[in-house]
Amino acid sequence: MFAAKNFFSAGTFSADYLVVAGGGAGAGAYYGGGGGAGQYRSFTAQTLTIGTSYTVTVGSGGAGVASSNGGNGSNSVFSTTTSTGGGGGKANNYTGTGGAVTLGGGSGVGGGPNFGGGGGGAGITNAGSNSSGSTGGAGGAGTANSITGSSVTYTGGGGGGAYYTGTGGAGGAGGGGNGASYTGNPSNGTANTGGGGGGADGYPSGSDTGGNGGSGIVVIKIPNTIGATFSGGVTYTLSTATSGYNIYSITATSTTSETVTFSNGSFNADYLVVAGGGGGGQGDTSNTYSAGGGGAGGYQSLTSQTLTIGTAYTVTVGSGGNGAASGSAANGTTGSNSVFNTVT
């Protein structure tokens, strides 16, 4: 026999989280501007509540379009925090101006005759660079964060496309795509960094497509005594490499209605473990010998034992022993052990 009762306590806990939106795409056509990076927002020591469902959304990167401005990146969300998608790069506007730092990285502005496209702005601090002659402007440099246990740079702006035979601007550190050089193609922003896509060069056809923006990411760092349950449309990984923490990296969501709910990672339980009883013996047919009854199985009862959510515990219910056959003058067989966790 096995019985168990679980006791869960509600409450709050402290969490760190990072919310990065999708990057904008680079512009197509001639000397396209680089895409702006998705917005970067990082928080520490935030209070979350056990049992509450929190919205979580990972923004997609903007799509590059031939002969047109790049598409904007999509917003990323966790709880009440929204990071804004990066702006798509602008097509040839004859200025070659780098994108500003806005809520989502600013769009690099396309160049014109003798000027490459401007670089896309980063997601928090650094504007994209203006073009320099026929060379596209560099994307703004992103921001490093070590919430995952390793330093990762996010939200670099996309580089601007070159003018004619010039050189495309470099993508900003943090996943920004490189702008296209003459007859080459721009790079996409790196997935799950929020980097902007590179701008197109456009020569010789003028119908090139800008680089796609990189998708965003949401990272949640919580104590390892807390577990997380996600709705079905969430793609994530769990790292326990940082001592004392569970770190969830959410890399994609299929809708904007996905959720995560937190629960206590450990709880108290009472349990009873009773083994199988032994089978009774049997005397002989002449009744010369009498026989004893089988012994009862062992009994163990424990209270307020700590168990951990997500851990697989061994559970075995022992069978009863068999009684000896009639007239056999034999012993009954031994009952089997019952087990729960480390208790036998």
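Everything below is about the structure shown above.
About the thresholds
Residues numbered from 1 in each chain as written. Predicted model: local features only at pLDDT ≥ 70, side-chain atom pairs only at ≥ 80, totals over all residues. Heavy atoms only, no water. Pairing = 2+ DSSP bridges. Helix = DSSP H or I, 4+ residues; strand = E, 2+ residues; numbered from the N terminus. Core = buried A, V, L, I, M, F, W, Y, C linked by side-chain atoms within 4.5 Å. Buried < 20%, exposed > 50% of the residue type's maximum accessible area, 1.4 Å probe, protein only. Contact = heavy atoms within 4.5 Å. Polar contact = N/O pair within 3.5 Å; in protein donor to acceptor, adjacent residues only side chain to side chain. Axes fitted to C-alpha atoms, helices over the stretch in contact; angles between N-to-C directions.

Undergrad: When you look at the pairing of strand 12 (residues 245-253) in this model, what are you seeing that I'm missing?
TA: The two faces of a sheet get side chains in turn, since along a regular strand they alternate between them. Pairing geometry for strand 9 (residues 217-223) and strand 12, over six bridges, is antiparallel. Looking at strand 12, one finds that isoleucine 220 is bridged to tyrosine 248. Inspection of the sheet shows strand 11 (residues 234-239) paired to strand 12 by six bridges, in the antiparallel sense. Note that in strand 12 the partner of serine 239 across the bridge is isoleucine 247. Linking two consecutive strands that pair antiparallel, namely strand 11 and strand 12, is a turn of five residues; a positive phi of about 90 degrees is found at glycine 244 within it.

Undergrad: Sorry if this is basic, but what is going on with the nonpolar core here?
TA: For soluble globular proteins, nonpolar side chains are generally found buried alongside one another. In this structure, Phe13, Phe78, Val218, Ile220, Ile222, Ile250 and Phe262 are the most contacted members of the largest nonpolar core, which totals 21 residues. When neighbours within four sequence positions are excluded, valine 218 is seen to be in contact with Leu18, Val19, Val56, Thr57, Val58, Ser76, Val77, Phe78, Tyr248, Ser249 and Ile250. One finds Tyr40, Ile147, Ile217 and Ile247 within the second-largest nonpolar core, a separate group that totals eight residues.

Undergrad: Which parts of the structure should I look at to understand the environment of serine 76?
TA: Within the element layout of this structure, serine 76 appears in strand 5 (residues 76-78). The class of serine 76 is buried, set by a relative accessible area of 0%. A sequence separation of 38 residues divides serine 76 from glycine 38, and the C-alpha atoms of the two residues are 8.8 Å apart. Of the polar contacts made by the side chain of serine 76, one reaches the backbone oxygen of valine 20; its length is 2.7 Å.

Undergrad: What exactly am I supposed to notice about the sheet that holds strand 13 (residues 259-264) here?
TA: Strands in a sheet are paired, the pairing made by backbone hydrogen bonds, and the direction either parallel or antiparallel. If you walk across this open sheet you meet the five strands as 6-5-4-13-10, and the pairing is antiparallel. Because the sheet does not close on itself, it has two edges, and the strands there are strand 6 (81-83) and strand 10 (226-230). In this sheet, adjacent strand axes meet at a mean angle of 25 degrees when their direction is disregarded.

Undergrad: Got a minute to help me understand the sheet that holds strand 3 (residues 40-49) in this structure?
TA: Reading across from one edge, 3-2-9-12-11 is the order of the five strands in this open sheet, with antiparallel pairing throughout. Edge positions in the sheet fall to strand 3 and strand 11, since each of these pairs with one other strand and no more. The sheet shows a mean angle of 20 degrees between the axes of neighbouring strands, taken without regard to direction.

Undergrad: In this structure, what is going on with the side chain of threonine 143? I would like to understand it.
TA: Within the element layout of this structure, threonine 143 appears in strand 7 (residues 143-145). Other than its neighbours up to four places away in sequence, threonine 143 contacts Tyr40, Ile124, Thr125, Val152, Thr153, Tyr154 and Thr155.

Undergrad: What's the story with the environment of phenylalanine 262 in this structure? I'm lost.
TA: Its place among the elements puts phenylalanine 262 in strand 13. Classification of phenylalanine 262 by relative accessible area gives buried; the value is 1%. Dropping the residues within four chain positions of it, phenylalanine 262 is found in contact with Phe13, Leu48, Ile50, Gly51, Thr52, Tyr54, Phe78, Ile220, Ile222, Ile226, Gly227 and Ala228.

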